Amino acid sequence: MMSETDIKSESMNTGANQGMNPAVAEGVLGAEQKAKSAEVLLELKNVRVQFKGKGRKPFVAVNDVSFQIHKGETFGLVGETGSGKTSIGRAIVRINETAAGEILFKGRRINGVIPKELDREVTRKIQMIFQDPMASLNERAKVDYIVSEGLYNIRGFRDEAERRAKVEKALLEVGLLPEFASRFPHEFSGGQRQRIGIARALIMEPEFIIADEPISSLDVSIRAQVLNLLLDLQKKKGLTYLFISHDLSVVRFIADRIAVMYKGRLVELAETEELFHSPLHPYTRALLSAIPVPDPRIEKKKKVLVYDPSCHDYSKDQPRWVEIKKGHFVLANNAEIEQYLAKIDAGGLANEFLWLQ
Ligand SMILES: Nc1ncnc2c1ncn2[C@@H]1O[C@H](COP(=O)(O)OP(=O)(O)O)[C@@H](O)[C@H]1O
Ligand SMILES: [Mg+2]
């Protein structure tokens, strides 16, 4: 069992925001016997999200993205700012329209026009937690209202007493005192505000939570607490997470599987340790090479790779999304597939990123 008291916060402090001692992170996750299942909770099939561009051509923020999220797992989505991660989250909660493809929740399509009853179900069962708790909370409303807002929208309570009881329970679940309900967001620290954001999601009794950079705006010293709270809640409630971050070492700490996104497309997807041991796509490899190493002697000597998209020759041989090895997907053309298969046969790339092992 992991509680807030045995948080490995020192592992978060080394190496600043990125800084997670991989060995410690691995140990923490190793101790967790997660209830993973093969049951698909959410699936994206060839999803495209586009926005009005400057000219006549639309700007494609999410391009042909496909993945499955299993019940009970934490699925990490990583990529630099502007790569389309939030657009995917917002498409799942039906804020962004999809221009193509399908999004399935428990096998039912939830994008496009859907029945009212399904819309209500999605509104309740899929919740989103945002990056900036200050910006996402209504500063003029009391915590009591902020936490209840989703409930009001779905009329999710019989009477005042029940609503209050639900608020109290949600606050306790995120480690806040029930009497905080009568206060305003500005009276709280960043970490507490993020807890209010989590309570707001929990009160809906969701099955699936999209956490979009939930710790990126928090002080380094309290990031581990919020991550561990999320892990704890997952275990207690059997929650499934889509965890979005631009920071690969944070995602490594929390995710069972990781998808890497670059300019609207997924370039690689694998189980977390597989991705760290055998990264195939040059963009993934560049991200891995940039993770700071706590040991300054190694940090000084290590080679940081730079991703240059012109390393791909896609003029004749176009890339496609292939499962190159069981559970390991990569965006590659035929020539690259050959090359990657040869690397896998040779035992992966373990020697190249020795400091991450
Ligand atoms: N509502 C919108 N209108 C126009 N462009 C948008 C909108 N939302 C996002 N974008 C653009 O789509 C791209 C992906 O954005 P986003 O999904 O927020 O990326 P990320 O979360 O990975 O930083 C960016 O270039 C962003 O400017
Ligand atoms: Mg974003």
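Residues numbered from 1 in each chain as written. Chains lettered and ligands numbered in written order. Predicted model: local features only at pLDDT ≥ 70, side-chain atom pairs only at ≥ 80, totals over all residues.

Some points on the pairing of strand 10 (residues 265–271)
Okay, step 1: Among the 7 residues of strand 10, 5 are classified as buried, and the element is accordingly described as predominantly covered.
Okay, step 2: Relative to strand 10, strand 9 (residues 257–262) runs antiparallel, the two sharing 6 bridges. When the sheet's bridge partners are listed, V260 is paired in strand 10 with E268.
Okay, step 3: Relative to strand 12 (residues 328–332), strand 10 is paired through 2 bridges, and the arrangement is antiparallel. By the bridge assignment for strand 12, L269 is matched with F329. (Buried ≥ 20, exposed ≤ 12 C-beta atoms within 10 Å, placed from the backbone. Helix = DSSP H or I, 4+ residues; strand = E, 2+ residues; numbered from the N terminus. Pairing = 2+ DSSP bridges.)

Things to note about the site of ligand 1
Okay, step 1: Taken together, F51, A61, G79, T81, G82, S83, G84, K85, T86 and S87 form the complete shell of residues around ligand 1.
Okay, step 2: Considering every element that reaches the shell around ligand 1, the biggest residue donor is helix 3 (residues 85–92), with 3 residues.
Okay, step 3: Per-class residue counts for the shell around ligand 1 are 2 nonpolar, 7 polar and 1 charged. (Near = placed C-beta within 6 Å. Nonpolar A, V, L, I, M, F, W, Y, C, P; charged D, E, K, R; others polar.)

Regarding the environment of V60
Okay, step 1: Its location among the elements puts V60 in strand 2 (residues 59–70).
Okay, step 2: Between the C-alpha atom of V60 and that of R48, which follows or precedes it by 12 residues, the distance is 7.2 Å.

Section: the pairing of strand 3 (residues 74–78)
Okay, step 1: For strand 3, the buried fraction is high: 5 of the 5 residues fall into the buried class.
Okay, step 2: The alternating pattern of strand 3 places T74, G76 and V78 and F75 and L77 on opposite faces, both of which are buried.
Okay, step 3: Sheet analysis places strand 3 next to strand 8 (residues 240–245), joined by 5 bridges and oriented parallel. Of the residues in strand 8, the one forming a bridge with G76 is F243.
Okay, step 4: Strand direction decides the pairing type here: strand 3 and strand 9, joined by 4 bridges, are parallel. Within the sheet, the bridge partner assigned to G76 lies in strand 9 and is I258.

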